[in-house]
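# Analysis of the macromolecular model
Listed below, chain by chain, are the residues.
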Amino acid sequence: MLPKPKPHSALIIAGHGSTVNPDSSAPTFDHAAEIARRGIFGEVYCAFWKEEPSLRQVLHMVEADEIYVVPNFISEGYFTRTVIPRELELTGPVTHRDGRTIKYCEPVGNHPRMTELLLHRAAVIAPGIPPRETSLFIVGHGTDLNDNSAVAAKREVERIAARGLYGEVLNAYMEEEPLISKWAESAKHPNVVVVPFFISDGLHSYEDIPVLLGIAEESPGAASATAKNVFTRNPYHLRGRSLYYASAIGTEPMFADVILEQVAAFDAVEPASVFA
Amino acid sequence: MNGITEALERWLRAGGREIGEVHIQSVDSGWELRHRLDEPRANLIAHTGAEAARVLAQYTDAGEFRPLKTAPNLRRGWLLTIPDLGELRRALDYFYPAMLGVGVSYTLGTLVPVALRTTLARQTGMYRVTQKITDTQAQQMVGDFCRSDGGCLKHILWPLAPGEPISTLPAEKFSPEAAPATWPLLCHEACNLLVAKAREVVKKADLPS
């Protein structure tokens, strides 16, 4: 369900950003540009913790009195619960300040449609490959630093498995069991599809996971510009399987729809806030 | 409604031509933007539309990522044609994120500077340690990191602490007034890059010598 047009409201998509990796904020900017193009909101902006516009600057860009903030994060956690509310000076799901109403939506990764996006991405990167003969891996980071991302990845695996489309659906992590480096031991099927459950591409998706899968060598310095080619060489034939490797799920253009759906979901839960 | 696009239009009509390192020129088809030092050059690579500004602002001439868009290292050699005012605002928001809105808030008296100590006191997680930075370390850090030649073009509106101004940069660095025909780049609160730098300073000082 997409929200009704809100020509007098603004949307802020809040992301993490990076001071070293331009690909970190790129999907957030892409989704914002797509949403702006559709004209659903009067204004659409990005804001970042580590890039500009910052969470401390962005409210000065906004002209509308009603502002929706959607965190472009894969799960609830430190950034969505602590950093974003603190930096935007939010007092709860609905904040009234200086004649404005700021509505703080759930992070994108929490939306039930994430399951569809993962299925879509898996189908697109392995065209014509029968899902019944495929092991699908959803790869998360898997440390406390990333808060609930491992829990979110596990939830998605359960949802996809419940649909009974794939031969098997498996969780894997970079730094904890079940380790993605052991994919060949755990996968039962001749085809293997691997989708990183990350909000953007970066060293993890360009290099760390490919190295753990055995489809790339560790680079001596920072990941090179050619590292993106790792997504274009499917299928990889190794360990007796055909392996298909996707870029981070957050780069999926359909993410723009999920951002909008989080706004609609907020309105469905907090209709009274309009009159508060 | 604070009328940012209208403020931009008024500024252009009054002869406004520069924001940071970007020069803006009114032409029949809208506006032409280029690096201000490229003005006389003819062999510029042509681009069109606001989205191109995002790419142009992203890397230095040497191909390095520019996480701080007000760093004085905008690449050269391009000419960006923008058809209308709405697109111009979007393009300028890519070149100098939030600087139009922050400038308007300053004019309206709604921009509240936040002292560096207040910003650091708010930090949690890996940046909580920045609260340990000494006044001397903080003064040196700001004097180096925020300097206009090689650091950041913004003018600083915040003190180290209430009543304790930054003493390591020239007086004009703290003036909210911009040169004629220039949109001001204003810093009302330390950015995350400076907070991250403060962490580095504290960590380095904590190392056993």
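Small disclaimer: the values here were computed from a predicted structure and weren't measured. (Residues numbered from 1 in each chain as written. Chains lettered and ligands numbered in written order. Predicted model: local features only at pLDDT ≥ 70, side-chain atom pairs only at ≥ 80, totals over all residues.)

To continue, consider the overall build of chain A. Per the secondary structure count, chain A includes 7 helices and 10 strands. Since a compact globule built from 276 residues should have a radius of gyration of about 19 Å, the 19 Å found for chain A is in line with a globular shape. Residues classed as buried in chain A amount to 51% of the 276 residues present. Counted over contacts in chain A with a minimum sequence separation of 6, partners at least 24 positions apart contribute 72%. (Helix = DSSP H or I, 4+ residues; strand = E, 2+ residues; numbered from the N terminus. Rg over C-alpha atoms; globule rule 2.2 N^0.38 Å. Buried ≥ 20, exposed ≤ 12 C-beta atoms within 10 Å, placed from the backbone. Contact = placed C-beta atoms within 7 Å.)

Turning our attention to the overall build of chain B. Tallying secondary structure elements over chain B gives 7 helices and 8 strands in all. The C-alpha radius of gyration computed for chain B amounts to 19 Å, which stays within 12% of the reference 17 Å derived for 209 residues, consistent with globular compactness. Taking all 209 residues of chain B together, the buried fraction comes to 32%. In chain B, the share of contacts with a sequence separation of at least 24, taken over all contacts with a separation of at least 6, comes to 72%.

Okay, the sheet that holds strand S7 (residues 168-173) of chain A next. Residues and elements named next belong to chain A. Strand order in the open sheet formed by 5 strands is S7-S6-S8-S10-S9, with mixed pairing between adjacent strands. The open sheet has two free edges, formed respectively by S7 and strand S9 (236-238), since each of these has just one partner strand. Averaged over all pairs of adjacent strands, the angle between their axes in this sheet comes to 25 degrees, without regard to strand direction. Pairing analysis gives 3 bridges linking S9 to strand S10 (residues 241-245), with the strands arranged antiparallel. Residue pairing across strands places His237 opposite Ser242, the latter belonging to S10. (Pairing = 2+ DSSP bridges. Axes fitted to C-alpha atoms, helices over the stretch in contact; angles between N-to-C directions.)

All right, on to the interface of chain B and chain A then. The interface is formed by 23 residues belonging to chain B together with 20 residues belonging to chain A. Where the side of chain B that touches chain A is concerned, the elements lending two or more residues are helix H2 (50-56), helix H4 (99-108) and helix H7 (192-206) of chain B. Along the lines of polarity and charge, the residues of the side of chain B that touches chain A split into 10 nonpolar, 7 polar and 6 charged. (Nonpolar A, V, L, I, M, F, W, Y, C, P; charged D, E, K, R; others polar.)

Another point: the environment of Ile19 of chain B. Its place among the elements puts Ile19 of chain B in strand S1 (residues 18-19). Taking the C-alpha atoms as reference, Ile19 of chain B lies 8.1 Å from Tyr96 of chain B; in sequence the two are 77 residues apart.

Right, let's get into the sheet that holds strand S4 (residues 45-48) of chain B. Strand pairs in the sheet, formed through backbone hydrogen bonds, run parallel or antiparallel to each other. Residue and element names in this part refer to chain B. If you trace the 6 strands from one edge of the open sheet to the other, you get S4-S5-S3-S2-S1-S7, paired in mixed fashion. Each edge of the open sheet is held by one strand with a lone partner, namely S4 and strand S7 (182-183). In this sheet, S7 lies alongside S1 in parallel orientation, the contact comprising 2 bridges. Within S7, the position partnered with Glu18 by the bridge is Thr182. In this fold helix H3 (residues 85-95) packs onto S1, strand S2 (22-27), strand S3 (30-35) and strand S5 (78-82), with an angle of close to 145 degrees to the strand it touches most, S5.

Residues and elements named next belong to chain B. You can see Leu68 is positioned in the loop between H2 and S5. The exposure class of Leu68 is buried, given the 21 C-beta atoms found within 10 Å. In this structure, the C-alpha to C-alpha distance between Leu68 and Cys191, residues 123 residues apart in sequence, is 9.0 Å. Ignoring anything within four residues of it in the chain, the contact list for Leu68 reads Cys152, Cys191 and Leu193.

As a further point, take the domain arrangement of chain A. All names here are of chain A. Along its sequence, chain A is carved into domain 1 (6-109 + 253-275) and domain 2 (111-250). Using only C-alpha atoms to locate each centre, domain 1 and domain 2 end up separated by 27 Å. Listed as interface residues are 21 residues of domain 1 and, on the opposing side, 18 residues of domain 2. Residue assignment for the side of domain 1 that touches domain 2 shows that the elements contributing at least two residues are helix H1 (26-38) and helix H7 (255-269). Per-element accounting of the side of domain 1 that touches domain 2 gives the leading share, 5 residues, to H7. (Domains from an automatic or database assignment.)

Residue and element names in this part refer to chain A. Among the 7 residues of strand S6 (residues 134-140), 7 are classified as buried, and the element is accordingly described as predominantly covered. Bridge analysis of S6 against strand S8 (residues 191-196) gives 6 bridges, and the strand direction is parallel. The residue of S8 that forms the bridge with Phe137 is Val194.

Put simply, side chains in a regular strand alternate between the two faces of the sheet. Residue and element names in this part refer to chain A. By the bridge criterion, 4 bridges tie strand S4 (residues 94-97) to strand S5 (residues 100-104) in an arrangement that is antiparallel. Bridging from a neighbouring strand, Arg97 pairs with Arg100 of S5. Between S4 and S5, which pair antiparallel and follow one another directly, the connecting turn spans 2 residues, one of which, Asp98, has a positive phi of 50 degrees.

Our next topic: the packing of helix H1 (residues 4-13) of chain B against H3 of chain B. Packed helices, taken two at a time, are described by the angle between their axes plus the distance between the axes. Residues and elements named next belong to chain B. Running from N to C, H1 and H3 cross one another at 100 degrees; their axes reach a closest spacing of 10 Å. Regarding the angle of H1 to H3, the classification is roughly perpendicular. Residues Ile4, Thr5, Leu8 and Glu9 of H1 touch H3, and the partners they reach there are Leu85, Gly86 and Arg89. Of the residues belonging to the contact of H1 with H3, the class tally is 3 nonpolar, 2 polar and 2 charged. (Parallel < 35°, antiparallel > 145°, perpendicular 65-115°, else oblique.)

Residues and elements named next belong to chain B. By the assigned domains, chain B splits into domain 1 (4-107) and domain 2 (112-206). Between the C-alpha centres of domain 1 and domain 2 the distance comes to 25 Å. Broken down by element, the side of domain 1 that touches domain 2 gets its largest block of residues, 4 residues, from H4. Across the side of domain 1 that touches domain 2, the residue classes break down as 10 nonpolar, 5 polar and 2 charged.

Model confidence for chain A is summarised by a mean pLDDT of 92, while 93% of its residues fall at 70 or above. This stretch, residues 272-276 of chain A, has a pLDDT under 50; its non-local contacts, to residues over four places away or in other chains, come to 4 contacts. (pLDDT = per-residue confidence, 0-100.)

This part covers the confidence of the model for chain B. Across chain B, pLDDT averages 95, with 98% of residues at or above 70. Quick note on the complex model: pTM equals 0.94, ipTM equals 0.95.

All names here are of chain A. Between H1 and H7, the shortest axis-to-axis distance is 9 Å and the interhelical angle comes to 70 degrees. On the basis of the axis angle, H1 is roughly perpendicular to H7. Where H1 abuts H7, its residues Pro27, His31, Glu34 and Ile35 lie against Phe255, Ala256, Ile259 and Leu260. Its residues assigned to classes, the contact of H1 with H7 shows 6 nonpolar, 1 polar and 1 charged.

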